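Per-entry structural report
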Amino acid sequence: MKREIKFKLNGEEVTAEVESHWTLLYFLREVLKLKGTKEGCGYGECGACTVVIDKMAVNSCLFPVMEVNGKDVLTIEGISGPGEALHPLQKAFIEEGAVQCGFCTPGMIMSAYALFEEKKNPDDEDIKEAIEGNLCRCTGYVKIIDAINAAKRGK
Amino acid sequence: MSFNIIGKKIPKKDAPFKVTGQALYIDDVELPGMLYGKILYSKYPHARILHIDTSKAEKLPGVKAVITAKDFPPHFRIGFMKDNPPLKGTKVLSTRDEIAAVCAISPEIAEEALDLISVEYEVLQGIFDPLVAMREDAPILHEEVGSNILKLPWRLVCGDVEKAKKESAYVVEDTFTTQWVTHCCLATSGCVAYFDVNNNLTMYSNTQIPSLAQNEFLEALTALGLRNRRVRIIQVTIGGGFGSKLDTYPYEYIAILLALKTRKPVKIVFSRDEEFFATSPRQCTITKISQGCDRDGRLTFREVEMILDNGAYTSWGATTPSVMMMPISSLYRVPNVKYTATCVYTNNTYCQAMRGYGNPQATFAIESSLDHLAEESGIDPYDLRIINANEPGEITPQGFRVTTCGLKECIEEVAKRLNWKEKRGRGLKKRGVGIASLIHVGGGARVYKSDGCGTIIKMDDFGKVDVFTGASDIGQGADTVIAQIVAEELGVPVEDVNVIHNDTDICPWDVGVHASRTTFVAGNSALFAAKKIKKKLLEILSKLLEVPPEDVAIKNGIAFSKSDPQKSIPLARALRRIHFTTGGSMLMAEHFYDPQNENLNKEFRGNLSAAYAYGTHGVEVEVDTETGKVKILKYVAAHDVGRAINPLLLEGQIYGGVLQGIGYALSEKMIYDNGYLKNGNFLDYKILTVRDVPPVEIVIIETNEEAGPFGAKGIGEPGLVPTAPAIANAIYDAVGVRIRDLPITPEKVLKALKEKNKG
C-alpha cells in the first residue's frame, strides 16, 4: 500500500508516494534515480549505502523509507555547499589518494560527514569509530584516515 | 634525470567522479526496456538432474523468458579447459551450478519466478577432499575427462635435487596448507547484455579482460548460430577486481542468451550472497616442501609437491602453478629445483585468479620453510636471506633473466626498520619479529600468445591529448599513470591528457589487467605512442619556430627554442595552424607494445617477464598466550618498484595489498562443509576493517628498470605476497610455535601452544 511521506532531501523538500516495505536505499536508487548511494551487501554490513539522516550516519539499505518522514536526509549528491563543486571531504579524498575502485567512497564520505556533524575536531580513534562499519577492499584504509584528517585540518 | 610529472603524487583522474557518486558501476546502468535476470542454482553439490519444470515460472506475469541447458547448443562449454556449460542440464557438480535462468520486468518478479521452477534431482555422493578425489576408486566427476586429475602436468625440474639433498648440510621438510579466500569486491559482479537490430552484441561489463572477453563472446554467438557478428564491450566503472574478473562466467552467457531471446537489454547483478558462493576464489593448496643448504647457509635445493583443489570446473585457478613456479625456482638463489603440482576436480567451488596468482600460497610455504631451515642450520633468518638474495644480472634455474633487483636493499631496509638485531629471538613479552620476501613478474607476463597492449593517441585543436588505451582501470589508477607518462613525454600538463580505456569499439587490444602488467606494458605502449606523436610534433614546431627539431622543447603546453627561448608558440596555436591550412593535417599516432618476454616452454622454462619485482615484508607481533590472539605492532613493506611513477597510487597498492595479506594470514577463510559455503556474508567472512589496520611503513626502492616506462616495474600484486609467512615467522619468533595452516586463527595458536607446552 502506498503512503505519502514528506522529508528534506539534500536541502529540498520532497513529497512522495512510497510503498511501506521499501528501504530508503531502494527509494533513492530505483525511484529517485540517485545512483551515488551504493548497495554493497543489502544487509547493513558494508556501509556502502551510508547516508546521513538528521546528522547521523545510517545504512540506507536497512532503513524503511517510511521512517524518513519529517526528517532531513543527505546523500553523496547533496553535501557540497551551494555553488561549490566539492565538499572539503570530497576534495581531501581525491587529494590524499583515498579512492581506488571508489565503490565504498560515497558511504565512507557520508560516515565521515556525520562524524564532523558530531565532532569538530575528531581524533584518530573517533575517525576509526566513525568508519568501522564501512568496508573497503582496495585501500587498506590508511589513506582514508589521512583524508579525513586532512579535511579536518582544512575546516 | 629530473621529471616534471613522473614521481609526483598526482591524484587519480577518476576520483572526482567517484567521490561525488557520479561514477557509474554496473548496478547503476539502466537502459530503456531493460529486463532483470536471475539464476537458479543447484540445491546439491553432486546430483543428476532428472527433470526441470519451468512451466509455472513462464506463466508468471512479468516474466519474459526462462532458459535451461536446452536453450544452449548441446556441446557449448566455457572456461580454460572448456569443461563448464553455462547452464547444467544433466548433472550438477557443485552448489554454484547454474540450472535455469529467468528474466522479468523487475528483479523481484524474476526472483519469484525462480521459486516456481521445480527440479528433480538424484543426489550423488559428493567428493570434497582432493586427496579422496585422487583415489583410484573415487567416482569420476567429469566422465568426458576420464579422471579427477586434470591433464595439466605441472612439472619443473632444474638440476639434480636428489643429489643436492644428499650433499646438503641441513635439510628441512614441512607441509603447509592454505584456504579458500575470496576477492570481496565491494561492487558485486554483473553485466548488461543487449543485441541491436543486426544481432550485434553490446555488453556493459566489469571485466578485466575486455579483448579476450570479446573473443569469447564472439565464439558464443557463433555457437548460437550468429556468425560474423560484432561484440562491443563497454566497461563501466569497476568496483574492485583483484583477478576476479579475469575470466568470463556462466552468468554472462546467460545474460547474452536471455537478451537474444527477448530482444531486450538484460541485466544480471549478483547479490552479495551470490558474490560469495558463485564467484571463484583463490585456490586452497596442500604443499609439501623440502629445502636444504650447505654449512655456509647457501641454498642447495628446493623441492615442492603441491595439490590444488580445482573444484568442479576449470578456470584460471588451475594455471596458477605456472606462477607458483616463479618463487619456487627463483626466490633466492637455489641451484636445484623440483616442483610438481596436481589439480584435482572435486564438488567444491571452482577457483580463479586472485591478486598474486598462486604466489602467496607458494611463498607462504617457501618463506616459512626457510625460517625452519635457518633454525636447523643455526643461521639467523636475516643472514640466511642475505646470503641467498638474488642479484642483478643472474639467470635463475627456470631461465628468468634478472635485470634490476633490489632484493638485498629490501631485506636490509626492513631489518633496519624492525630493529631486527635487537628484537629477534628475545621472545620478550611474547613479542617477536619475522621477515619474508617475494619475487613477482614486474615486466608483464607472457601467459597468452601476446602480452601486448595497443595505444592510439591524438592531439586536438586546443593542445589537448586523447589517449585510447587497451588497458583496463580497476581502481588501481591506470588512467592516471598513463596520463602522467604521456604528459611527461609530450611536455603538456597532466590534466590536458584524457585517457579513454573502456570501450572495445575505440580502444586497441590488450591482454587484460593481470600480472601487475599495466604500468609496465600499457605504460610502455603509451610512452612509445607519445614518442611517435612527439616526433611529428617537433618536426612541425621546428618549421613554425624556424629552428632545428632538436632545438625544440615543450613545457607546460608551450613550445620554444632551447637556444632562443624568445621563440615560442603555444601548442594549441601550432596545432590549429597545421590543421586549418590547405592540405592540413591532424596529429595522431599509434603503438602496439609487446614486451620482450617469453612463453614458458614445454619444460616450463623461459623468461616469463621482461623484469622482476622484488620486495620484503617485516613484522613485529605480540601474541597473547591466553587467547592466542596475534597483534601486529609494526609492519614494514619494502618494494623494489623500478621507479615510482606516482607514489600516491603506489602506496595505495601496497597498503591495500598488505591489508588483504593480513586478512589472508589471520582471518579470512571460506568455510565449506560438504560443498556448501557456510560463511558467505560479511558478518562471518572476516575481511579487515579500519580497526584492524596496524602501523604500516612503506619503503620504496627505486632500481630504474631500463625496459620499464621511465624505469618502472609492476606493483599491483606484490603487496600481499609475503605477508602471511612474515607474520607466521614473527609468531614463531615470539612464542615458538609454527602455524602451517592458514589462516592463523587464535584457536590454532592456542592449540599449538598447548601442544608445545605438553612436549
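Residues numbered from 1 in each chain as written. Chains lettered and ligands numbered in written order. Predicted model: local features only at pLDDT ≥ 70, side-chain atom pairs only at ≥ 80, totals over all residues. Heavy atoms only, no water.

Along chain B, the regular secondary structure elements total 19 helices and 28 strands. Here the C-alpha radius of gyration of chain B, 27 Å, is about what a compact globule of 759 residues would show, namely 27 Å. Buried residues in chain B amount to 66% of all 759 residues. Excluding contacts between residues fewer than 6 apart, the proportion of contacts in chain B whose partners are at least 24 apart in sequence is 80%. Entry remark: accessible area of chain B is about 27500 Å², with carbon and sulfur atoms responsible for 50%. (Helix = DSSP H or I, 4+ residues; strand = E, 2+ residues; numbered from the N terminus. Rg over C-alpha atoms; globule rule 2.2 N^0.38 Å. Buried < 20%, exposed > 50% of the residue type's maximum accessible area, 1.4 Å probe, protein only. Contact = heavy atoms within 4.5 Å. Areas by Shrake-Rupley, 256 points an atom, 1.4 Å probe, with all protein chains shown as cover.)

Here the focus is the confidence of the model for chain B. Low-pLDDT portions of the prediction should not be read for the details of their coordinates. When pLDDT is averaged along chain B, the result is 97, and 100% of the positions lie at 70 or above. Interface confidence in the predicted complex, given as ipTM, is 0.98; pTM for the same model is 0.97. (pLDDT = per-residue confidence, 0-100.)

What follows deals with the packing of helix 3 (residues 105–118) of chain A against helix 5 (residues 142–154) of chain A. Residue and element names in this part refer to chain A. Across the interface, helix 3 lies against helix 5 with an axial gap of 11 Å and an inter-helix angle of 40°. Considering their axes alone, helix 3 and helix 5 lie oblique with respect to each other. Crossing geometry of helix 3 relative to helix 5 is assigned as right-handed. Contact residues: M108, A112, L115 and F116 in helix 3; I144, I148, A151 and K152 in helix 5. Residue composition of the contact of helix 3 with helix 5, grouped by class: seven nonpolar, no polar and one charged. (Axes fitted to C-alpha atoms, helices over the stretch in contact; angles between N-to-C directions. Parallel < 35°, antiparallel > 145°, perpendicular 65-115°, else oblique. Left-handed = near helix turned anticlockwise from the far one by under 90°. Nonpolar A, V, L, I, M, F, W, Y, C, P; charged D, E, K, R; others polar.)

Let us look at the sheet that holds strand 13 (residues 285–293) of chain B. By definition, the strands of a sheet pair up through backbone hydrogen bonds, in either a parallel or an antiparallel sense. All names here are of chain B. Pairing in this open sheet of five strands is mixed, and the strands run 7-15-14-13-8 from one edge to the other. At either margin of the open sheet sits one strand with a lone partner, and together these are strand 7 (154–158) and strand 8 (170–178). Ignoring which end each strand starts from, the neighbouring axes of this sheet average 10° apart. Examined bridge by bridge, strand 13 and strand 14 (residues 299–311) share nine bridges and lie antiparallel to one another. Directly across from S290, in strand 14, lies its bridge partner E303. Here helix 10 (residues 359–377) sits on the sheet and contacts strand 8, strand 13 and strand 14; the angle it forms with strand 8, its principal contact strand, is near 145°. (Pairing = 2+ DSSP bridges.)

Residues and elements named next belong to chain B. When its domains are assigned, chain B resolves into domain 1 (26–124 + 186–240 + 245–277), domain 2 (285–446 + 600–758) and domain 3 (452–593). Placing the centre of domain 1 and that of domain 2 at their C-alpha centroids yields a distance of 37 Å. When the area that domain 1 buries against domain 2 is broken down by residue, the three leading residues are F80, D83 and F276, summing to 31%. Taken together, the links from domain 1 to domain 2 amount to zero salt bridges. Summed over the shared surface of domain 1 and domain 2, the result is 14 residue pairs in polar contact (both at pLDDT 80 or more). Among the elements that line the side of domain 1 that touches domain 2, the one with the most residues is helix 8 (residues 272–277), at four residues. (Domains from an automatic or database assignment. Buried area = accessible area lost by both parts, 1.4 Å probe. Salt bridge = Lys/Arg side-chain N within 4 Å of Asp/Glu carboxyl O. Polar contact = N/O pair within 3.5 Å; in protein donor to acceptor, adjacent residues only side chain to side chain.)

All names here are of chain B. Tallying each qualifying case throughout the model produces zero disulfides over all chains. With no disulfide of its own, C184 lies 8.0 Å from the sulfur of C185, the closest cysteine sulfur. The class for C184 is buried, based on a relative accessible area of 4%. Its sulfur unpaired, C405 is 8.1 Å from the next cysteine sulfur, which belongs to C410. (Disulfide = S-S within 2.5 Å.)

Moving on, we come to the domain arrangement of chain A. All names here are of chain A. Here chain A is partitioned into domain 1 (2–78) and domain 2 (82–153). Across the contact, 17 residues belong to domain 1 and 13 residues belong to domain 2. Across the interface of domain 1 and domain 2, roughly 1200 Å² is buried in total on both sides, 68% from carbon and sulfur atoms. Three residues, T50, K55 and I76, lead the burial of domain 1 against domain 2; their summed loss comes to 37% of the area buried on that side. Inspection of the domain 1/domain 2 interface yields one salt bridge.

Next up on the list: the nonpolar core. F93(A) and I148(A) are the most contacted members of the largest nonpolar core, which has 217 residues in total. Not counting chain neighbours up to four residues away, the residues in contact with F93(A) comprise A98(A), V99(A), T105(A), M108(A), I109(A), I144(A), A147(A), I148(A) and V19(B). C453(B), A471(B), I578(B) and Y593(B) belong to the second-largest nonpolar core, a separate cluster that totals 43 residues. (Core = buried A, V, L, I, M, F, W, Y, C linked by side-chain atoms within 4.5 Å.)

Attention now moves to a nonpolar patch on the surface. Together, Y26(A), V31(A) and L32(A) give the surface a local cluster of nonpolar side chains, amounting to about 200 Å² of exposed area. Inspection of the secondary structure assignment puts Y26(A) in helix 1 (residues 24–31). (Patch = residues over 30% accessible without salt bridge, like charges linked within 9 Å, V, L, I, M, F, W, Y side chains within 5 Å.)

Moving on: the sheet that holds strand 4 (residues 56–59) of chain A. Residue and element names in this part refer to chain A. With mixed pairing, the five strands of this open sheet are ordered in space as 2-1-5-3-4. Since the sheet does not close on itself, it has two edges, and those belong to strand 2 (12–19) and strand 4, each with one partner. Within this sheet the neighbouring strands show an average axis-to-axis angle of 40°, counted without direction. Direction of pairing for strand 3 (residues 50–53) relative to strand 4: antiparallel, over a ladder of four bridges. Bridge pairing in strand 4 links I53 to M56. With respect to the sheet, helix 1 is in contact with strand 1 (2–9), strand 2, strand 3 and strand 5 (72–74), its orientation differing from that of strand 3 by roughly 110°. Running over the sheet, helix 3 touches strand 3, strand 4 and strand 5 and is turned about 30° from strand 3.

How big an interface is tends to be stated in terms of the accessible area lost upon association of its parts. At the interface, 51 residues of chain B touch 45 residues of chain A. Roughly 3900 Å² of surface becomes buried between chain B and chain A when both sides are summed, with 60% attributable to carbon and sulfur atoms. The interface formed by chain B and chain A holds nine salt bridges in total. As a salt-bridge pair, D28(B) and K38(A) come within 2.5 Å of each other at their nearest N and O atoms.

Let us now look at the pairing of strand 16 (residues 431–441) of chain B. All names here are of chain B. Judged by how many residues are buried, strand 16 sits mostly within the fold: ten of eleven residues are covered. Across eleven bridges, the pairing between strand 16 and strand 24 (residues 612–623) is antiparallel. Bridging from a neighbouring strand, A436 pairs with H617 of strand 24.

Once that is clear, we can look at unusual backbone geometry. For residues that are not glycine, phi is negative in most cases, and the peptide bond is trans in most cases. Residue and element names in this part refer to chain B. A cis amide bond links L742 with the next residue in sequence, P743, at an omega value of -5°. As for its position among the elements, P743 is in the loop between helix 18 (723–735) and helix 19 (746–758). Positioned with a positive phi, K430 is a non-glycine residue whose angle comes to about 60°. On the secondary structure map, K430 appears in the loop between helix 13 (420–423) and strand 16. Classification of K430 as partly exposed rests on a relative accessible area of 38%. Even without being glycine, F710 reaches a positive phi, approximately 55°.

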